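Spelled out, the chains give:
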Amino acid sequence: MPSIAVAVTAGMPIFDLAVPCHVFGTDRPELPDGWYDLRVCAIGPDSGPVATRSWFAAHTPYGAEDLIAADTVIVPASADVRGDPPGDLIDALREAHRRGARVVSLCSGAFTLAATGLLDGRTAATHWMYAALFAERYPAVRLDPSVLYVDHGDVLTGAGSTACIDVCLHIVREDFGSAAANTLARQLVAPAHRPGGQAQYIEAPLPERTDDSLAPLLHWAAERLNTPLTVADLARRAHTSPRTLARRFHAATGTTPLRWLQAQRIARARELLEGGDLPVDRVAELCGLGTAANLRRHFTRAVGVPPHDYRRAFRARRPATPTL
């Protein structure tokens, strides 16, 4: 069972603590065997309950030693982005990373992670509201205030607040595959896959009219990824012009129709590569990327490795494909 430690410190926001606890700490018999071993770790001099915000207190027997020993360490939002993080937590995060742990920050937890020095020279994400303050406090970090999350493999930073769910689903996808992440997303009633590069700030997150929702269109397109869909096709389906569709699309999703389609096709390719032995050219056909060469180019750009290498690496992590 992969072990996950969530660091809890006095005064931290409850939402950012609750999301990883719910995702990783809930028994999920319908998902692969060997689900996560979650431990909430209290970091600080006090041995009693740790008071978070909103009248909650964390009662836990786990501390810094358990955090250091975990496979993945999650740092939720900071209680005070203008103050210095607890020294005990900084030391524990550095030691956990040195021992090989994947270290993850959620929302303003990036301030804590930046204080360790682990983000120096790297691109990072945090809540867009804190971008100016973060850049002022940690100039050695290349902050991208527009994205949902940034994954460097050993270090992952996410934006806030609902982006916490995206980060946790991304971790599940990396550890257990797309099928498990998609199943969990359906249970959470959350988008199955929002790429890390998708905009975190959406100018109009809620449509003014209930009949203006793009959900039926997105569902229709997702079922036809193997066809050569164009923006014109989507506009006709939505009974609007391509220009109007592009404007509505950006307001609702923070991205363009073509980028959304590309992200869905890459996600579909990942699922096909993880779940079977289809040749790469057949995977390319089924996800709508046409040829094996086209799939290799776009997949490598998006994921970082070619399709064959991705399939091999995934099977090395998970010797048997889970049955959901």
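From a predicted model like this one, the values you see are computed outputs, not experimental measurements.

Turning our attention to the packing of aromatic side chains. Under the counting rule described, the total for this entry stands at 10 aromatic pairs. Seen in terms of ring centroids, Tyr36 and Phe176 are 5.2 Å apart; in terms of plane orientation they differ by 85°. Their pairing is edge-to-face. Here Tyr36, found in the loop between helix H1 (14-25) and strand S2 (37-42), pairs with Phe176, found in helix H6 (residues 163-176); they are 140 residues apart in sequence, far enough to count as distant. Across the pair, Phe176 and Tyr36 agree in class, each one buried.

Here the structure, examined in full by the defined rule, presents zero disulfides. Cysteine Cys168 is unpaired, with the sulfur of Cys164 as its nearest cysteine sulfur at 6.9 Å. You can call Cys168 buried: its relative accessible area is 0%.

Counting 35 residues, the largest nonpolar core has Val8, Phe24, Tyr36 and Val172 as the members making the most contacts within it. Of the residues forming this core, the biggest block, eight residues, is contributed by H6. Residues within four places of Val172 in sequence aside, it is in contact with Val23, Phe24, Trp35, Tyr36, Gly177, Ala180, Ala181 and Leu184. Of all hydrophobic cores here, the second largest spans 29 residues; its members include Val103, Leu118, Ala131 and Phe134.

Taken together, the buried positions of helix H8 (residues 215-222) are occupied by Leu217, Trp220 and Ala221. Taken end-on, H8 shows its buried residues confined to a sector of 95°, consistent with a single buried face. Those residues of H8 hidden inside the fold are in contact with helix H9 (231-237), helix H10 (242-253) and helix H11 (257-275).

This brings us to the confidence of the model for the protein. When pLDDT is averaged across the protein, the result is 85; 89% of the residues are at 70 or more. Confidence drops under a pLDDT of 50 for residues 198-211, and excluding neighbours within four residues, the segment shows 26 contacts in the predicted structure. Contacts of residues 319-324 to residues separated by more than four positions or lying in other chains number 10 contacts, the stretch itself having pLDDT below 50.

Attention now moves to the pattern of salt bridges. With the rule as written, the count across this model stands at 12 salt bridges. The partner of Glu95 in a salt bridge is Arg98, with the nearest N and O atoms 2.6 Å apart. Linking Glu95 with Arg98, this pair stays in helix H3 (residues 87-98), spanning three residues, or about one helical turn. Across the salt bridge formed by Glu271 and Arg268, the nearest N and O atoms sit 4.0 Å from each other.

The rules behind each value
Residues numbered from 1 in each chain as written. Predicted model: local features only at pLDDT ≥ 70, side-chain atom pairs only at ≥ 80, totals over all residues. Heavy atoms only, no water. Phe/Tyr/Trp six-rings, centres within 6.5 Å; stacked < 30°, edge-to-face > 60°. Helix = DSSP H or I, 4+ residues; strand = E, 2+ residues; numbered from the N terminus. Buried < 20%, exposed > 50% of the residue type's maximum accessible area, 1.4 Å probe, protein only. Disulfide = S-S within 2.5 Å. Core = buried A, V, L, I, M, F, W, Y, C linked by side-chain atoms within 4.5 Å. Contact = heavy atoms within 4.5 Å. Arc of directions from axis to C-beta. pLDDT = per-residue confidence, 0-100. Salt bridge = Lys/Arg side-chain N within 4 Å of Asp/Glu carboxyl O.

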